[in-house]
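Structural features, examined
Spelled out, the chains give:
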Amino acid sequence: MLEESLASQNGIVTNTNSTYIDTDGNSTVAVDVRSISKIFRIYHGKNPSLKDAILKGKRVTYEEFLALDNVSFSVYKGETFGIIGPNGSGKSTLLKLIARILVPNSGEIVINGSVSALLELGAGFHADLTGRENIYINAAILGMKKREIDKKFDEIVRFSELERFIDTPVKNYSSGMYMRLGFSVAINVNPDILLVDEVLAVGDQAFQSKCYQVIYDFMRRGKTIIIVSHDLETISDLCKRVAFLKNGKIEDIGNPIVVINKYRSYIEEMERKRIIEQQKEERKKIFKSLVEGERKVIDGEEIDKLSRVSINGEVVNRFGSGDAEIKRIRLVDKDGKDVDFCKYGDEVNIVMDVLFNTEVEDPIFGIRITDHRGNIVYGTNNRLNNIRSGTFKKGDLVKVIFSQRIVFIGGTYFVSPSVGYKDTKTYCDWVNNMLTINVIHHNRAEGIADLNSEITIEKISS
Amino acid sequence: MISNFKKLFSYHELLFSLTRKELKVKYRGSALGFFWSLLNPILVMLVYSFVFSIVMRLGIKHYAIFLISVLLPFNFLSNSVNYGANSIVANGNLINKIYFPREIIPLSIVLANLTNFFFELIALFIVLGIMGYKFYIYLHILPLVILVQFFLVSGVTLVVSSLTVFFRDLQHLIGIIMMIWFFGTPVIYPLSMVPEKFQFIMKANPMTVFSIFYRNIFYYVNYPEELQFPTLKVILMAVVVSLFVFFLGYFVFKKLEPRFTEEI
Ligand SMILES: Nc1ncnc2c1ncn2[C@@H]1O[C@H](COP(=O)(O)OP(=O)(O)OP(=O)(O)O)[C@@H](O)[C@H]1O
Ligand SMILES: [Mg+2]
């Protein structure tokens, strides 16, 4: 036990000779995470006890859990860097390693500059002491000198808006007030590198917007910020680069739109799997009740539940007779290049290639566009546009082009193409979400479509 | 080791700040709080005085002074160790969220108890002055004795606070160990009552050596015929053992420190 305890060692290096040097001779990397791994021990049973260790000679048994697996990345100076990922993926662990609260099992982290971690607000507040006393202690814990605290004290109090309560013991504070005081102290520490873990959503609306002001202010002053959050809107608003962590590994890193989309589709995938499991259970239940209740009748709700899953239990992503097959679908810009994103207002073509396996008369080629929540945003087909497609023979390869101007608000949209029979009810082929379109847009509006309103304001009388 | 001390020094403001916090919490921010904290040694003193000067009649003049002159320094040790043992675990929230050299937590407890000890000494001086004790004669030795004891107390506190993180039931054991240590140190009885052959073993305990000094300074100073300072060899041994315990404690603490966060 002791032996093993002695083995771990400090893996943090405060840098002096970095390899990343810009033209002014300054290092441009603020945090360099190099092949970091972190192993936690999950003990069997309760805490190891001395009694058991000595009297029964029992060895402490534990399992090792790899919380971070060979993670490497760099955060550059002045950059706002986001970390996203599902629960338990290791985000907080990573921040704690950067903050030197935890020590890695292997690898090293090179840090240029002073670090302050907002992992929890008001950590270390003592309930019996007043707001004033706690400011001094908390600021000292965060690394401020007494002189600095004296200088900043009024500012801290002003920011927290707790002037009237500053000489009241913090045990009488509401939890919001507690957090405000914690936040006010933390942001006045003024580090070069700020680590933020899920703490931006504190206090009421007014205080929250103040918190964001502070973060923006930090960004303007060229500070490096690393933010962990489940609020993907915040991340995409604030961050220049984003890392997607999954099971302790970096799944993707880079452009926020791309990485966040990847994360979103991962969540959707997981959600789908969960729903499938749930539906399987329901099917089992229904069948069981049919058998046990010796019922022959299935009610409408049950039919609905049963029909939402295919026979082998997968959510139907593609269906149809197969008389025609959608081979490929692409987004093509006006220069004819394949793209996976476009800007608001761009003219783009959605091009699908269809192969016919038998003769089909007047098929209907359609597209349906949904947003990331599954809302139908737009749908059209040649029939709705009064265009007859004609008859196709077996082996015909057909290219169908939908040209339009994209007037969506920024975000991710999915295109589901279809080839239907002329009865408008049955399909040769239908593929769910076959194409993803990322729309880049300065958010001047909310919702789905940008109607590009012109706004005039006139005074009618005074 | 040296770089660790340097870092510790760079955090000295935090150390003092946490020490102040400990004291504030202890006294609840009032002078009355300090007198309240005196209640414990006074009660202990009354109980032992009753037992040893009225029931068992050891025949020691001014038994209360005899006792309190060593009880206070011993309390400095036992309070530090008892409160310090759980300090890392109790401050888990802090350790889990903010980086700073962790030894600051147990050391702030030792410093708070040292400060408390100083206040108690001032109260003792007042009482001694009223009773006409010439406690000022050997007072110049006192700072040195306290300094050496400080190293011993810090070392023990560092060890127990770090080990308690890994063995939570150590706390219960510590109470028993401190009781044995208390009775193994001449606090309630004079060393002269101990049979010669045990005296040597007892002197290996630095607390015994300190208690001889404390008792000389505060009590025997009024009974000069009883004054008996330890030999240089014994003194040196106490100093060496105390320093050794301190460095060992610091070493063990620093070795275990990296795993505190995840074990809490
Ligand atoms: N001290 C610890 N001992 C054992 N396991 C731990 C410890 N701390 C974290 N873990 C485990 O490590 C994994 C990663 O935890 P971490 O807190 O980093 O996740 P996270 O990505 O921050 O999750 P969340 O989104 O819920 O905040 C989890 O499975 C967690 O159970
Ligand atoms: Mg977390």
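Note that the structure is predicted; figures quoted are calculated from it, not measured.

1. Regarding the overall build of chain A
- For chain A, the count of helices and strands is ten helices and 23 strands.
- In chain A, which comprises 462 residues, the proportion classed as buried is 43%.
- For chain A, restricting intrachain contacts to residue pairs at least 6 apart in sequence, the fraction spanning at least 24 positions comes to 70%.
- Accessible area of chain A: about 25,100 Å², with a carbon and sulfur share of 50%.

2. Brief notes about the sheet that holds strand β20 (residues 397-405) of chain A
All names here are of chain A.
- In spatial order, the strands read β13-β12-β15-β20; together these four strands make up an open sheet with antiparallel pairing. At either margin of the open sheet sits one strand with a lone partner, and together these are β13 (338-339) and β20.
- Relative to β13, strand β12 (residues 324-332) runs antiparallel, the two being bridged by two bridges. Each residue of the ladder has a partner; that of L331, found in β13, is V339.

3. As for the interface of chain B and chain A
- Contacts between chain B and chain A engage 32 residues on the former and 40 residues on the latter.
- Area buried by chain B at its contact with chain A is led by K97, F167 and R259 of chain B, which between them contribute 18% of it.
- Applying the counting criterion to the chain B and chain A interface returns two salt bridges.
- Of the charged contacts, one joins E262 of chain B and K38 of chain A as a salt bridge, the two residues approaching to 2.7 Å between their closest N and O atoms.
- Here chain B and chain A share seven residue pairs in polar contact (both at pLDDT 80 or more) between them.
- Mapped by element, the contributors of at least two residues to the side of chain B that touches chain A are α2 (12-27), α6 (92-97), α9 (170-183), α12 (232-256) and α13 (260-263) of chain B.
- A total of eight residues in the side of chain B that touches chain A trace back to one element, the largest contributor, which is α2 of chain B.
- When the residues that make up the side of chain B that touches chain A are grouped by side-chain class, the tally is 14 nonpolar, five polar and 13 charged.

4. Some details on the pattern of salt bridges
- Inspection of the entire model under this criterion finds 25 salt bridges over all chains.
- Ionic pairing is found between D353 of chain A and R328 of chain A, a salt bridge with its closest N-O pair at 3.2 Å. Taken together, the residues span a long stretch of sequence, with D353 of chain A in strand β15 (residues 347-356) and R328 of chain A in strand β12 at a distance of 25 residues.
- Judged by relative accessible area, D353 of chain A falls into the buried class, the value being 12%.
- Between E257 of chain B and K254 of chain B there is a salt bridge, with the nearest N and O atoms lying 2.7 Å from each other.
- Taking relative accessible area as the criterion, K254 of chain B reaches 17% and is therefore assigned buried.
- The network of salt bridges with common partners includes D32, R34 and E108 of chain A.

5. Side note on the packing of helix α4 (residues 131-141) of chain A against α2 of chain B
- Taken N-terminus to C-terminus, the directions of α4 of chain A and α2 of chain B make an angle of 145°; their axes are 9 Å apart at the nearest point. In this structure, α4 of chain A meets α2 of chain B at a crossing whose hand is left-handed. On the side of α4 of chain A, the interface is formed by E133, Y136, I137, A140 and I141 of chain A, while α2 of chain B contributes L14, S17, L18, K21 and K24 of chain B.
- By residue class, the composition of the contact of α4 of chain A with α2 of chain B is six nonpolar, one polar and three charged.

6. Description of the environment of S416 of chain A
All names here are of chain A.
- Structurally, S416 can be placed in strand β21 (residues 411-420).
- The buried category is assigned to S416, whose relative accessible area is 3%.
- A sequence separation of 14 residues divides S416 from W430, and the C-alpha atoms of the two residues are 7.2 Å apart.
- In this structure, S416 is in contact with G366, I367, R368, W430, V431, N432, N433 and M434, ignoring residues within four places of it in sequence.

7. Thoughts on the side chain of T185 of chain B
Residues and elements named next belong to chain B.
- Tracing the chain through its elements places T185 in the loop between α9 and α10 (196-203).
- Polar contacts involving the side chain of T185 include one to the main-chain carbonyl oxygen of W181, which spans 2.7 Å.
- What T185 contacts, discounting residues up to four positions off in sequence, is F74, M202, N205, M207, T208 and S211.

8. A short note on unusual backbone geometry
- A positive phi angle is found at N433 of chain A, which is not glycine, with a value near 45°.
- Inspection of the secondary structure puts N433 of chain A in the loop between β22 (427-431) and β23 (435-440).
- Residues other than glycine seldom take positive phi values, yet R57 of chain B does so here, at roughly 45°.
- Tracing the backbone through its elements, the reader meets R57 of chain B in the loop between α3 (31-55) and α4 (63-85).

9. Section: the side chain of D450 of chain A
Residue and element names in this part refer to chain A.
- Summarising the element assignment, D450 is placed in the segment after β23.
- Residue class for D450 comes out buried when judged on its relative accessible area of 8%.
- Discounting chain neighbours no more than four positions away, the residues touching D450 are Y344, V407, I409, H441, R444 and A445.

10. Points about the domain arrangement of chain A
Residues and elements named next belong to chain A.
- We note that the domain assignment places domain 1 (261-319) and domain 2 (320-446) within chain A.
- Across the boundary between the two partners, domain 1 contributes seven residues, which contact 13 residues of domain 2.
- Summed over both partners, the interface of domain 1 with domain 2 buries about 840 Å², with 39% contributed by carbon and sulfur atoms.
- Among the residues domain 1 hides against domain 2, the three largest losses belong to N261, R318 and F319. Together they make up 64% of the total.
- Residue assignment for the side of domain 1 that touches domain 2 shows that the elements contributing at least two residues are α9 (256-292) and β11 (318-319).
- The leading source of residues in the side of domain 1 that touches domain 2 is α9, at three residues.
- Residue classes in the side of domain 1 that touches domain 2 are distributed as two nonpolar, two polar and three charged.

11. Some words on the nonpolar core
- The biggest cluster of nonpolar side chains holds 166 residues, and the ones touching the most others in it are V31, I84, I98, I135 and I226 of chain A together with F100 and F218 of chain B.
- In this structure, L331, I350, M352 and I367 of chain A belong to the second largest nonpolar core, which totals 30 residues.

12. Notes on the site of ligand 1
All names here are of chain A.
- Residues in contact with ligand 1 amount to 14 residues; listed here are only the nearest, G88, K91, S92, T93 and H230.
- Note that an oxygen atom of ligand 1 is positioned 2.9 Å from one of the backbone N or O atoms of G90.
- Contacts to ligand 1 include S92, whose side-chain N or O atom sits 2.6 Å from an oxygen atom.
- Its free accessible area being 630 Å², ligand 1 has 66% of it covered by the protein chains.
- If you list the elements that add at least two residues to the shell around ligand 1, you get β2 (29-43), β3 (62-76) and α3 (91-98).
- Broken down by element, the residue count for the shell around ligand 1 peaks at three residues, all from α3.
- Considered class by class, the residues forming the shell around ligand 1 number five nonpolar, seven polar and two charged.

About the cut-offs
- Residues numbered from 1 in each chain as written.
- Chains lettered and ligands numbered in written order.
- Predicted model: local features only at pLDDT ≥ 70, side-chain atom pairs only at ≥ 80, totals over all residues.
- Heavy atoms only, no water.
- Helix = DSSP H or I, 4+ residues; strand = E, 2+ residues; numbered from the N terminus.
- Buried < 20%, exposed > 50% of the residue type's maximum accessible area, 1.4 Å probe, protein only.
- Contact = heavy atoms within 4.5 Å.
- Areas by Shrake-Rupley, 256 points an atom, 1.4 Å probe, with all protein chains shown as cover.
- Pairing = 2+ DSSP bridges.
- Buried area = accessible area lost by both parts, 1.4 Å probe.
- Salt bridge = Lys/Arg side-chain N within 4 Å of Asp/Glu carboxyl O.
- Polar contact = N/O pair within 3.5 Å; in protein donor to acceptor, adjacent residues only side chain to side chain.
- Nonpolar A, V, L, I, M, F, W, Y, C, P; charged D, E, K, R; others polar.
- Axes fitted to C-alpha atoms, helices over the stretch in contact; angles between N-to-C directions.
- Left-handed = near helix turned anticlockwise from the far one by under 90°.
- Domains from an automatic or database assignment.
- Core = buried A, V, L, I, M, F, W, Y, C linked by side-chain atoms within 4.5 Å.
- Near = heavy atom within 4 Å.

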